[in-house]
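# Survey of secondary and tertiary structure
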2 protein chains.
Amino acid sequence: MKQRILGIDPGLQRTGFGLIDQDGARLRYVSSGVIKTESRAGLAQRIQTIVQGIASISHEAQPDCAAVEIVFVNVNPQSTLLLGQARGAALAALVLAQLPVHEYTALQVKQATVGYGKAKKEQVQDMVMRLLQLPSAPQSDAADALACAITHAHSAGRQIKGGRMKLS
Amino acid sequence: MKQRILGIDPGLQRTGFGLIDQDGARLRYVSSGVIKTESRAGLAQRIQTIVQGIASISHEAQPDCAAVEIVFVNVNPQSTLLLGQARGAALAALVLAQLPVHEYTALQVKQATVGYGKAKKEQVQDMVMRLLQLPSAPQSDAADALACAITHAHSAGRQIKGGRMKLS
């Protein structure tokens, strides 16, 4: 099976992205990076940066599907709310780009890449570098996004399809 | 000043919307309603419903700006995360529709409509009905969205403008 997968690691300050091509068992690195927002900017402005970033990546790279890390509640409720808003914006951008969205927990991502659910960030970065034969380890958020894409490549995934709307 | 304002009260299950036309001190009701998502559907699907709902309302009604209620952390962290994601998706849809987004707290909305920050939901519904000369009270989420639009009409508001993107 041939497909281009866009991995996303959402965050309000830094949203990592990573594109890989899968051809059966073979994985090929395409690109990766981080969409950064200015902490001094208002929330709507930061959301715009994330949404436009994902929209432009999707438009240019034409992925077949997206894999997004499932985020969890933080110790700080305000951080949870901010992270939730960033993730909601990222998902919105992906569904608007008409990409099927697959979701994976951090545990699944670590198990699929490092083979160990409690692996550290550095171990994920190292394995992403090895699996994709990169000359150096990608930045942490980009590595997490690539790891999420790799997880989807190694999995059937659970796909989430189109919605239904009621206006009253 | 003449403008059409789209009020949004975001929620994962029910996102209220309300459109009003402002002409100086005069307010005119245009439409309102609720975008409902199915609780059995996946998160991405529910986000798609919210995003497409707001996109279609914006496209059809051509508002000049949007007013969105600022949500707060819930006692339940998981609910906070879900609400955050719904709000992030709503903001994403609004910025993609190129609408300037203004944000108001529930306190500001209650003070601007009822004149009392601790007003109950029913009081907000009642005042929205009176201020917009409606034959009956709108549904609660729609009333909150209309109240948010009214708050913006009565205020200079704090506007949030376009963002900046860094890809590395």
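Report follows, based on the coordinates. (Residues numbered from 1 in each chain as written. Chains lettered and ligands numbered in written order. Predicted model: local features only at pLDDT ≥ 70, side-chain atom pairs only at ≥ 80, totals over all residues. Heavy atoms only, no water.)

## Observations regarding the side chain of Gln125(B)
Residue and element names in this part refer to chain B. How we decide: Every helix listed is a DSSP run of H or I at least four residues long, and every strand listed is a run of E at least two residues long, numbered separately from the N terminus. For every residue, the accessible area (1.4 Å probe, protein chains only) is compared with the maximum for its type, and the residue is labelled buried under 20%, exposed over 50%, or partly exposed between those bounds. Here a residue-residue contact requires only that any non-hydrogen atoms of the pair lie within 4.5 Å.
In this structure, Gln125 sits in helix H4 (residues 121–131). The exposure class assigned to Gln125 is buried, which follows from its relative accessible area of 16%. For Gln125, the contacting residues outside a window of four places in its chain are Ala137, Pro138, Gln139, Ser140 and Ala143.

## A few points about the side chain of Asp21(B)
Residue and element names in this part refer to chain B. Definition in use: Any N or O atom pair separated by 3.5 Å or less is treated as a polar contact, with the protein-specific requirement of one donor-capable and one acceptor-capable atom, and with residues adjacent in sequence counted only for side-chain atom pairs.
Along the chain, the position of Asp21 falls in strand S2 (residues 14–23). Judged by relative accessible area, which is 16%, Asp21 ranks as buried. Within the local environment of Asp21, its side chain forms a polar contact with the side chain of Arg4, the two groups lying 2.7 Å apart.

## Remarks on the pattern of salt bridges
All names here are of chain A. Inclusion rule: A side-chain nitrogen of Lys or Arg and a carboxyl oxygen of Asp or Glu constitute a salt bridge if their distance falls within 4 Å.
The final tally for this structure, using the stated rule, is 14 salt bridges over all chains. Put simply, Arg4 and Asp21 hold a salt bridge, and the shortest N to O gap is 2.7 Å. Of the two residues, Arg4 is situated in strand S1 (residues 2–9) and Asp21 in strand S2 (residues 14–23); the sequence distance between them amounts to 17 residues. One continuous salt-bridge network, built from bridges that share partners, spans Arg4, Asp21 and Arg28.

## Here's the deal with helix H2 (residues 77–96) of chain B
All names here are of chain B. We count it as follows: Between the first and last residue of a helix there are one fewer steps than residues, each counted as 1.5 Å, and that sum is the expected span.
With 20 residues, H2 ought to run about 28 Å at 1.5 Å a step, and its terminal C-alpha atoms sit 28 Å apart, in line with that. Of all the 20 residues making up H2, 15 are buried; the element is thus mostly covered by neighbouring parts of the structure. By the N-cap criterion, in which a side-chain oxygen at the helix start approaches the backbone nitrogen of a residue two or three places on, H2 is capped by Asn76, the distance to Gln78 being 2.8 Å. Looking at the residues trailing H2, positive phi occurs at Gln98, about 60°.

## Comments concerning the nonpolar core
Worth spelling out the cut-off: Nonpolar core, defined: a set of buried Ala, Val, Leu, Ile, Met, Phe, Trp, Tyr and Cys residues in which side-chain atoms within 4.5 Å join the residues together.
Judged by nonpolar contacts, the single largest core of 52 residues is most densely connected at Leu94(A) and Leu94(B). Setting aside residues no more than four positions away along its own chain, Leu94(A) makes contact with Leu6(A), Ile8(A), Ile54(A), Ala66(A), Val68(A), Leu99(A) and Val101(A).

## Description of the interface of chain B and chain A
Formally: Residues were grouped as follows: Ala, Val, Leu, Ile, Met, Phe, Trp, Tyr, Cys and Pro as nonpolar; Asp, Glu, Lys and Arg as charged; and all remaining residues, including Gly, as polar.
Every contact between the two is made by 46 residues of chain B and, on the other side, 46 residues of chain A. Taken together, the connections running from chain B to chain A amount to zero salt bridges. On the surface where chain B and chain A come into contact, there are four residue pairs in polar contact (both at pLDDT 80 or more). Put simply, the parts of the chain that give the side of chain B that touches chain A at least two residues each are strand S3 (26–36), helix H1 (43–61), H2 and strand S5 (101–104) of chain B. Among the elements that line the side of chain B that touches chain A, the one with the most residues is H2(B), at 13 residues. Looking at the side of chain B that touches chain A, its residues break down into 22 nonpolar, 17 polar and seven charged.

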